[in-house]
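# Overview (structure and organization)
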Amino acid sequence: LKNLFDFIDTDKNGKINYTEFIASTVTDHVMSSKKNLENVFNMLDKDGNGYVDRDEIMGILSQHGHISN
Ligand SMILES: [Ca+2]
Ligand SMILES: [Ca+2]
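Computed from a prediction, not measured in an experiment: that's the story for all the values here.

Let us now look at the coordination of the calcium ion (ligand 1). Bound to the calcium ion (ligand 1) on the protein side are Asp9 (OD), Asp11 (OD), Asn13 (OD1), Lys15 (O), Glu20 (OE) and Glu20 (OE), at distances that span 2.2 to 2.4 Å. Its 6 donor atoms give the calcium ion (ligand 1) angles of 53 to 154 degrees at the centre, a pattern that matches the irregular case. Residue classification places Asp11 among the partly exposed residues on the basis of a relative accessible area of 43%.

Turning next to the pattern of salt bridges. Using the criterion set out here, one finds 1 salt bridge in the structure. Close ionic contact of Arg54 with Asp6 constitutes a salt bridge, the shortest N to O distance being 3.8 Å. Of this pair, Arg54 sits in helix H4 (residues 54-63) while Asp6 sits in helix H1 (residues 2-8); the two residues are 48 residues apart in sequence, bridging distant segments of the chain.

Time to look at the coordination of the calcium ion (ligand 2). For the calcium ion (ligand 2), every protein donor is listed as Asp45 (OD), Asp47 (OD), Asn49 (OD1), Tyr51 (O), Glu56 (OE) and Glu56 (OE), and the spread of their distances is 2.2 to 2.5 Å. Donor residues for the calcium ion (ligand 2), ordered by position in the chain, follow D-x1-D-x1-N-x1-Y-x4-E. Taken as a pair, Asp45 in the loop between helix H3 (34-44) and H4 and Glu56 in helix H4 lie far apart in primary sequence, 11 residues in all. For Asp45, a relative accessible area of 7% gives the class buried.

Our next topic: H3. Those residues of H3 that sit buried are Leu37, Val40, Phe41 and Leu44. What you see down the axis of H3 is that its buried residues fit within an arc of 100 degrees, all on one side. Turned more than 90 degrees away from the buried face of H3 sit Lys35 and Asn42, all of them exposed.

Reading the values: rules and limits
- Residues numbered from 1 in each chain as written.
- Chains lettered and ligands numbered in written order.
- Predicted model: local features only at pLDDT ≥ 70, side-chain atom pairs only at ≥ 80, totals over all residues.
- Heavy atoms only, no water.
- Donors = N, O, S within 2.8 Å, 3.2 Å for Na, K, Ca; no water.
- Tetrahedral: all angles 85-135°; square planar, octahedral: opposite > 155°, others 65-115°.
- Buried < 20%, exposed > 50% of the residue type's maximum accessible area, 1.4 Å probe, protein only.
- Salt bridge = Lys/Arg side-chain N within 4 Å of Asp/Glu carboxyl O.
- Helix = DSSP H or I, 4+ residues; strand = E, 2+ residues; numbered from the N terminus.
- Arc of directions from axis to C-beta.

Structure (structure tokens):
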């Protein structure tokens, strides 16, 4: 997971902003709709501070079963 987070966090500031999020999802072809991307980002950004931090992304990935441990 740390590798995934670091991969998305391209400026290595410990937070994933919307631009980084878009870049990662477009790369992975996870989403095709900008509207969906905004919804997903808002869902990930639980405290609404404009960044997705490590705890937030870990929580959502856990829910989607991407973390086995
Ligand atoms: Ca960042
Ligand atoms: Ca946040």
